[in-house]
Amino acid sequence: MLGITDLTTYLIGALIIVLLPGPNMMFVLSVAAQRGIRAGFAAAGGVMSGDLTLMTLAAFGAAGLLQANPALFAVVKYLGGGYLAWLGFNMVKGAIVAWRRMRRGEEASATPSALASGHPYRKALLISLMNPKAILFFVSFFVQFVDPGYPYPALTFAGLGLIVQFFSLSYMTLLILAGNRLAAAFRRRRKLSAALGGSVGALFVGFGAKLAAAGLG
């Protein structure tokens, strides 16, 4: 059972980690801006499923396994970092191609970027599972509040998980609504859309590098 001090610490930490920029939220915003509210909420569902998976693994000992096996953690973080960087690279490349076509007076392709193409739920799930912010949060922070000695640890786990998911869903809903409002502007301003796509892609490359350089703390 968490005391008031521990609960306050957890609430503040969970809220900060949700609000910090990361690949999950950038992906949801990008999907909503390019494909609409429905696709945005499908992506949000993938993020929440991924976070639930990470929380469950952390609660059942995966955090300790990663902490005790640096080589295993290295494999996880390099695979995750490589995937995020690959997504970012393809998005930057797509933005450059679109920009060059517009410079030549050609019609820019209306095809969604490499980041937002494909099934939004499945891609968001994979991005969430490889999100450096989420991995480090659930491995290094979340697990500290799940006390295996408590008679009903599952209740603590469920309560902490609901708090994170509530914060996450609330924030993603705001991003989806904002992204949907931006969609019309992007359709009118192809150069702006290409520039934003390239910028988000560069951020994903940065997220990948951050995960590759991350430690368990």
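Residues numbered from 1 in each chain as written. Predicted model: local features only at pLDDT ≥ 70, side-chain atom pairs only at ≥ 80, totals over all residues. Heavy atoms only, no water.

Chemist: Pulling in residues and values, what's your account of the UniProt feature "transmembrane region" (unreviewed entry) in the chain?
Modeler: The UniProt feature table records "transmembrane region" (unreviewed entry) at residues 12-33, 40-66, 78-99, 124-145, 157-180 and 192-213. For residues 157-180, helix accounts for 100% and strand for 0%, while the C-alpha atoms at its two ends are 34 Å apart. (UniProt positions renumbered as here; feature names shortened; annotations may be inferred. Helix = DSSP H or I, 4+ residues; strand = E, 2+ residues; numbered from the N terminus.)

Chemist: Kindly report on the nonpolar core, identifying the contributing residues and their values.
Modeler: Counting 35 residues, the largest nonpolar core has Tyr10, Phe137, Phe138 and Phe142 as its most contacted members. Contributing elements (two or more residues each) for this core: α1 (4-19), α2 (23-35), α3 (37-59), α5 (70-103), α6 (120-129), α7 (132-140) and α8 (153-188). (Core = buried A, V, L, I, M, F, W, Y, C linked by side-chain atoms within 4.5 Å. Buried < 20%, exposed > 50% of the residue type's maximum accessible area, 1.4 Å probe, protein only.)

Chemist: I'd like to hear about the confidence of the model for the chain, residue by residue, with values.
Modeler: Taken as a whole, the chain shows an average pLDDT of 75; of its residues, 62% reach a score of 70 or greater. Across the chain, the element-wise mean pLDDT spans from 63 in helix α4 (residues 62-68) up to 90 in α6. Taken as a whole, residues 108-112 scores under 50 in pLDDT and shows six contacts with residues more than four places along the chain or in a different chain. (pLDDT = per-residue confidence, 0-100. Contact = heavy atoms within 4.5 Å.)

Chemist: Break down empty space enclosed by the protein for me, citing the residues and quoting the values.
Modeler: This model, assessed by the stated rule, comprises one cavity of 30 Å³ or more. Estimated volume of the largest cavity: approximately 130 Å³. If you trace the largest cavity, you find 13 residues lining it, with Ile17, Val18, Asp51, Lys133 and Ala134 closest to the centre. Among the elements of the structure, α1, α2, α3, α7 and α8 are those that each provide at least two residues to the lining of the largest cavity. With four residues, α7 is the largest single contributor of residues to the lining of the largest cavity. (1 Å grid on protein atoms, 1.4 Å probe; cavity = no way out; pocket = protein on both sides within 12 Å on 5 of 7 lines; lining within 4 Å. Points joined across faces, edges and corners; volume = space filled by probe spheres on them.)

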